[in-house]
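Here is how the chains run, residue by residue.
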Amino acid sequence: MTDYRKIAALLFPQIHKTPEDYAAQYPARSLPEGAAVTRFAPSPTGFIHIGAVYAAMIAQRLARQSGGVFYLRIEDTDKKREVEDGIAQIVRGLEAFGIVADEGFVPGGETGAYGPYQQSHRGDIYQCYAKDLVERGLAYPCFCTEEDLNSVREKQEAQKLRTGYYGAFAHCRELSDEEIENKVRAKTPFVLRLKSPGREDRRISFADKIKGKIEMPENDQDLVLLKRDGIPTYHFAHAVDDHLMGTTLVVRGDEWISSTPIHMQLFQALGFKPPKYAHIAPIMKEENGSKRKLSKRKDPEAAVLYYYAEGYPAASVLEYLDTISNSNFEDWRRANPAADRWEFPFQLSKMSQSGALFDLNKLNDVSKNCISRMTAREVYEGIASWAREYDPAFAALLEKDPDYAKAILSIDRGGSKPRKDLAKWADAKAYMAYFYQELYQPDYTLPEQVAPADAAAVLAAYEKVYDPEDDKEAWFAKVKALCEPLGFSPDVKAYKKDPSGFKGHVGDLSTVIRIAVTSRRNTPDLCAIMGLLGRDACFQRLRAAKEYYQSAGASARAGVK
Ligand code: GLU
Ligand code: ZN
């Protein structure tokens, strides 16, 4: 007859607290009915996948919209994968997207009454519950070596049996007290295993909040709870932590679905009420017509660093992740263009079961919309702080005259149809280049239908009437007035009726001026641009372009290529 209490005392002589002590130390939270306690529980490996931000964002939303708590726990039981500064990287990484936990690790440290929130600081807690399981005859030490386990596996394979440590193969279940005592006294290393009450021929089912009802065979393997070094496995730490920290809804990646029967069994053995689960499918990417997981190895956009380096505003990334998280988000956004994203009634049942599709073009569109709704000041701040880190020379240029930069960014901003030129801060330099002599590189390529000689004539005529004081209307009236004398149609419709009767229409004519001044065919309001550039720069650019076309026209006539 095994004396479980004696074995427990032998295995865990240093543990004096009991589960009751911890239950008293971490009482149930008092929260309103229906409030969800959720968490994000990363390992500090130094790599933050955009899918992790996605999961954290959803967990945070579920807590917030139910009046609950969202906390950040660090799962650092695997020291091999850990990097220095890993925790700070996670906290900062999430903060960059505006995700700050209510409890656990937050910028500046750790907060909350249910800590420590770092698994490596919870050793005694796990050992206490492990000891309790041994005392109740539900867990036992296994002294099998790597070789022992391998030879069992080989036997199982030879007999075409399921491999693993279960049933009759669970050798150390049967050790006598004496054998255990001798081994412990001889300091033989051991792992602690759960004595699985499960049976392979029985099934368990649970209701996943995203995937619906899931049914699987019961687990009958004697799961390792504590490794040889006394550190808990993910499974054991999950059950203990999520219970003591009061998690009601575990939001995690769906790679954990297959372990859920083990977790159910653990909660039961520990006498804990299991949480609800929401298993999120990984973010997918379409490639050559088929879907695959967004991959850390193949896809730069899998890493959050990519978004920092490209300068996507946090609001854009969140808005895009909202878009792919719920099928009805876009409709809601159309109906509520100015609403705060927190007002959206998020539903787990509206998440994709097979994995949301990630598309950079779509992100760019979403981000262009977001940026188009910002004030010039916000855009300026975004660009400048991005540039300070990723393009210091550009930052210096902007900061030499912030008002000038803000004025550039104000052109065609606001109003009901704002322009959507910028998807990310890294686009800003090219977008603003023609405003800065230091960055400007003339490119006088004309639309096909406009001959260089005609462009030269347009610029020669325009130079004579250009007046920096003109407002938009006067500016345009002058452009229009140039059309007929130069053989262009002031009226686009008239031109379209009889294209051969003209050299082009008013749009072509203004394009010539636009190219001369900005080297672009498409810009915001040209009159405003010229106003900012100022008379000297405008005259200088108009003349330079005119001279270029004059000589290009001359070489064309001379047959020079
Ligand atoms: N540390 C686990 C992981 O990074 C957490 C899984 C969970 O959320 O329970 O995959
Ligand atoms: Zn064993």
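Throughout what follows, the structure given in this document is the object of discussion.

1. Concerning the nonpolar core
Thought 1: Judged by nonpolar contacts, the single largest core of 109 residues is most densely connected at Y54, I58 and F236.
Thought 2: With 11 residues, the top contributor of residues to this core is helix α3 (residues 50-65).
Thought 3: Leave out the neighbours within four places in its chain, and I58 touches V251, I280, S325, F346, L348 and M351.
Thought 4: Counting 61 residues, the second largest nonpolar core, distinct from the first, contains I408, L446, V517 and Y549.

2. Re the coordination of the zinc ion (ligand 2)
Thought 1: The protein atoms donating to the zinc ion (ligand 2) are C142 (SG), C144 (SG), Y165 (OH) and C172 (SG), with metal-donor distances spanning 2.0 to 2.3 Å.
Thought 2: Counting the intervening residues between successive donors of the zinc ion (ligand 2) yields the motif C-x1-C-x20-Y-x6-C. A residue pair is termed long-range when its members are at least 10 positions apart, and C142 in strand β5 (residues 139-142) and Y165 in the loop between α6 (146-158) and α7 (177-185) qualify at 23 residues.
Thought 3: Owing to a relative accessible area of 1%, C142 belongs among the buried residues under this scheme.
Thought 4: You can call Y165 buried: its relative accessible area is 6%.

3. Here's the deal with the site of ligand 1
Thought 1: In the vicinity of ligand 1, the contacting residues are R39, A41, S43, E75, Y234, R252 and W256.
Thought 2: Within the backbone of A41, an N or O atom sits 2.8 Å from a nitrogen atom of ligand 1.
Thought 3: W256 is positioned with one of its side-chain polar atoms (N or O) 3.4 Å from an oxygen atom of ligand 1.
Thought 4: The site holding ligand 1 turns out to be the largest pocket.

4. Thoughts on the environment of A516
Thought 1: By the secondary structure assignment, A516 is in helix α21 (residues 506-518).
Thought 2: Each C-alpha atom of the pair A516 and F394 lies 24 Å from the other, and the pair is 122 residues apart in sequence.
Thought 3: Those residues in contact with A516, other than ones at most four positions away along the chain, are Y440, Y444, L459, R541, L542 and A545.

5. Brief notes about unusual backbone geometry
Glycine aside, negative phi is the norm for most residues, and most peptide bonds take the trans geometry.
Thought 1: That bond from G115 to P116 is cis: its omega, 0°, falls within 30 degrees of zero.
Thought 2: Relative to the helices and strands, P116 is located in the loop between β4 (109-111) and α5 (123-135).
Thought 3: Phi at D85 takes a positive value of approximately 70°, unusual for a residue other than glycine.
Thought 4: Residue position: D85 is located in the loop between β2 (69-72) and α4 (86-95).
Thought 5: Positive phi values are uncommon outside glycine, yet S519 reaches one of about 65°.
Thought 6: Residue placement: S519 occurs in the loop between α21 and α22 (526-533).

6. Focus: the packing of aromatic side chains
Thought 1: Throughout the structure, instances matching the rule amount to 29 aromatic pairs.
Thought 2: Seen from their ring centres, Y434 and F435 are 4.6 Å apart, and the 35° between their planes marks the pair as tilted.
Thought 3: Residue class for Y434 comes out buried when judged on its relative accessible area of 2%.
Thought 4: By relative accessible area, F435 is classed as buried at 5%.
Thought 5: In this structure an aromatic cluster arises from ring pairing among Y22, Y26, Y114, Y129, F267 and F272.
Thought 6: Between R29 and the ring centre of Y114, over which it is positioned, the NZ or CZ distance is 4.1 Å.
Thought 7: The lysine or arginine in question, R64, covers the ring of W342, its NZ or CZ lying 3.8 Å from the ring centre.

7. Things to note about the pairing of strand β10 (residues 249-253)
Thought 1: In terms of residue burial, β10 counts as a mostly covered element, since four of its five residues are buried.
Thought 2: Following the chain from β10 across helix α9 (residues 260-270) to the adjacent parallel strand β11 (residues 276-280), one finds a crossover that is right-handed.

8. Brief notes about empty space enclosed by the protein
The gaps of empty space that remain are located by a probe, the size of a water molecule, rolled over the atoms.
Thought 1: Counting across every chain of the model gives three cavities of 30 Å³ or more.
Thought 2: Counted as a void, the largest cavity has a volume near 110 Å³.
Thought 3: Contributing to the lining of the largest cavity are 14 residues, with R413, R419, K420, D421 and Y431 lying nearest its centre.
Thought 4: Counting residues per element, the ones that place at least two in the lining of the largest cavity are α13 (360-372) and α16 (402-410).
Thought 5: Here the element with the most residues in the lining of the largest cavity is α13; it accounts for three residues.
Thought 6: Of the residues belonging to the lining of the largest cavity, the class tally is seven nonpolar, one polar and six charged.

9. Some remarks on the pairing of strand β7 (residues 203-208)
Strand residues, when the strand is regular, have side chains that alternate between the two faces of the sheet.
Thought 1: Of the two faces of β7, only one is covered, namely that formed by I204, F206 and D208; the face formed by R203, S205 and A207 stays uncovered.
Thought 2: As paired strands, β7 and strand β8 (residues 212-217) are joined by six bridges and run antiparallel to one another. Counterpart to F206 in the pairing with β8 is I214.
Thought 3: Where β7 folds back on β8, the antiparallel hairpin that results is connected by three residues.

Cut-offs and rules
- Residues numbered from 1 in each chain as written.
- Chains lettered and ligands numbered in written order.
- Predicted model: local features only at pLDDT ≥ 70, side-chain atom pairs only at ≥ 80, totals over all residues.
- Heavy atoms only, no water.
- Core = buried A, V, L, I, M, F, W, Y, C linked by side-chain atoms within 4.5 Å.
- Buried < 20%, exposed > 50% of the residue type's maximum accessible area, 1.4 Å probe, protein only.
- Helix = DSSP H or I, 4+ residues; strand = E, 2+ residues; numbered from the N terminus.
- Contact = heavy atoms within 4.5 Å.
- Donors = N, O, S within 2.8 Å, 3.2 Å for Na, K, Ca; no water.
- Near = heavy atom within 4 Å.
- Polar contact = N/O pair within 3.5 Å; in protein donor to acceptor, adjacent residues only side chain to side chain.
- 1 Å grid on protein atoms, 1.4 Å probe; cavity = no way out; pocket = protein on both sides within 12 Å on 5 of 7 lines; lining within 4 Å.
- Sits in = over half its atoms within 2 Å of the grid points.
- Phe/Tyr/Trp six-rings, centres within 6.5 Å; stacked < 30°, edge-to-face > 60°.
- Lys NZ or Arg CZ within 6 Å of the ring centre and 35° of its normal.
- Right-handed = clockwise from strand over helix to strand, strands pointing away.
- Points joined across faces, edges and corners; volume = space filled by probe spheres on them.
- Nonpolar A, V, L, I, M, F, W, Y, C, P; charged D, E, K, R; others polar.
- Pairing = 2+ DSSP bridges.

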